[in-house]
Amino acid sequence: MSEPGTPLGKDLIGLEGLDADQILAILDTAEPFKEISQRRIKKVPVLRGKTIVNLFFEASTRTRISFEFAEKRLSADTVNISSTGSSVTKGETLVDTARNLEAMSIDMVVMRHGSSGAARFLAERIPSNVVNAGDGWHEHPTQGLLDLLTIRDHRGSIEGLKVCIVGDILHSRVARSNIHGLRALGAEVAVCGPRTLLPPVPEDLGCVVFTRVEEAIEWADVLNVLRLQLERMEAGYVPSLREYNRIWGVSRKRLEAAEREILILHPGPMNRGVEIDSDVADGPHSVILNQVTNGVAVRMAVLYLLAGGQPEKAEAAKQGGEA
Ligand code: CP
């Protein structure tokens, strides 16, 4: 339940269930925060006195580091914990780990976990705010939000755009968050991939379904190309990586056949030469590094709002106030 004046409640677990007003409030809050990262001294006192624990049970470069930058640039105190360096390796449970952190007076937990549902499980058991930084195949809400912000930056509005998510839909929490967010904002959404990498009934996602990448490219204004999640696959999903690239890879030749400008996103990390070719990833219509830049502002916005900040006060807050 949202507090009056704030678009979020206690936690951010997913984009499913958030309406257009809530999502737009987060994106609009991120806008003024973008400028902080361009300053010579990249620090404002918005979260001064707050203690945030980044609890990462899975590998991450972009999400972990951009959360840490967002927290530090808003002047929060931060602690980073990964499963390998903690007592999780001795068998301590997630809830015991979190309760011990709570005993040291924390305010928020940002967590990545391999199990779908882990973020909600934690949020229901501790009083601190919980932000889902990716849980299994379920959701990666801040990735969905930064993708929305990046598309909006380059296309002006999400409503009415045709956005196709291409690749390993089955294992992708990024796909699920994008689908919820894009549909809430009025985009037409499609998924495209081999049958083995789509859910058993892909139509249940509420999207157009393509099984040929050429058709998806013909249809789309925006392609969000997903990584083959080799670590979540057992053998047999695709014949070989070379075969995948030949049939499904987003290449310059395939994009040129569409004869129009298609915006290219990828959440990273990329398997270059598998789901996306380098001349597309580094090409003129790629906004992949803009996504990374926007990740910091979006995460600042989420932390600010969960701390009780109001969207209309974000501009004033970054000039020296607190949430
Ligand atoms: N996009 C994303 O979640 O990247 P990381 O796994 O590096 O955080």
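Calculation criteria
Residues numbered from 1 in each chain as written. Predicted model: local features only at pLDDT ≥ 70, side-chain atom pairs only at ≥ 80, totals over all residues. Heavy atoms only, no water. Pairing = 2+ DSSP bridges. Helix = DSSP H or I, 4+ residues; strand = E, 2+ residues; numbered from the N terminus. Axes fitted to C-alpha atoms, helices over the stretch in contact; angles between N-to-C directions. Buried < 20%, exposed > 50% of the residue type's maximum accessible area, 1.4 Å probe, protein only. Lys, Arg positive; Asp, Glu negative; His and termini not counted. Salt bridge = Lys/Arg side-chain N within 4 Å of Asp/Glu carboxyl O. Polar contact = N/O pair within 3.5 Å; in protein donor to acceptor, adjacent residues only side chain to side chain. Contact = heavy atoms within 4.5 Å. Domains from an automatic or database assignment. Buried area = accessible area lost by both parts, 1.4 Å probe. Near = heavy atom within 4 Å. Areas by Shrake-Rupley, 256 points an atom, 1.4 Å probe, with all protein chains shown as cover. Nonpolar A, V, L, I, M, F, W, Y, C, P; charged D, E, K, R; others polar. Left-handed = near helix turned anticlockwise from the far one by under 90°.

Describing the sheet that holds strand S9 (residues 263–265)
Across the sheet, five strands lie side by side as S7-S6-S5-S8-S9; this open sheet has parallel pairing. Lying at the two open borders of the sheet, with one neighbouring strand each, are strand S7 (208–210) and S9. Between one strand and the next, the sheet's axes are offset by a mean angle of 20°, whatever the strand orientation.

Notes on the side chain of Asp 147
Structurally, the position occupied by Asp 147 is in helix H5 (residues 141–155). Arg 299 provides the closest opposite charge to the buried, salt-bridge-free Asp 147, at an N-O distance of 8.0 Å. Within polar-contact distance, the side chain of Asp 147 engages the side chain of Asn 224 at 3.2 Å. Those residues in contact with Asp 147 that lie beyond four places of it in its chain are Val 174, Asn 178, Asn 224, Leu 265 and Gln 291.

Points about the domain arrangement of the protein chain
One frequently used descriptor of interface size is the decrease in accessible area upon assembly of the parts. Here the protein chain is described as being made up of domain 1 (20–140 + 292–318) and domain 2 (141–290). One C-alpha centre belongs to domain 1, the other to domain 2, and the line joining them spans 26 Å. Facing 31 residues of domain 1, the contacting portion of domain 2 comprises 29 residues. Summing both partners gives a buried area of about 2500 Å² for domain 1 against domain 2, and 57% of it is carried by carbon and sulfur. Connecting domain 1 to domain 2 are four salt bridges. On the surface where domain 1 and domain 2 come into contact, there are 20 residue pairs in polar contact (both at pLDDT 80 or more). Where the side of domain 1 that touches domain 2 is concerned, the elements lending two or more residues are helix H1 (20–34), helix H2 (62–73), strand S3 (108–113), strand S4 (129–135) and helix H11 (288–306).

Points about the site of the ligand
Contacts to the ligand come from Ser 60, Thr 61, Arg 62, Thr 63, Arg 112, His 140, Gln 143, Pro 267 and Gly 268. Arg 62 is positioned such that a nitrogen or oxygen atom in its side chain is 3.0 Å from an oxygen atom of the ligand. Against a free-state accessible area of 260 Å², the protein chains account for coverage of 92% of the ligand. Residues of the shell around the ligand, tallied by class, amount to one nonpolar, six polar and two charged. Here the shell around the ligand spans two domains, and each of domain 1 (20–140 + 292–318) and domain 2 (141–290) adds at least three residues to it.

Brief notes about the packing of H1 against H11
Packing of H1 against H11 brings their axes to within 8 Å, and their N-to-C directions diverge by 115°. Between H1 and H11 lies a crossing of right-handed hand. Residue-level inspection shows Ala 25, Ile 26, Thr 29, Ala 30, Phe 33 and Lys 34 of H1 in contact with H11, the latter providing Asn 294, Ala 297, Val 298, Met 300, Ala 301, Val 302, Tyr 304 and Leu 305. Looking at side-chain class alone, the contact of H1 with H11 contains 11 nonpolar, two polar and one charged residues.

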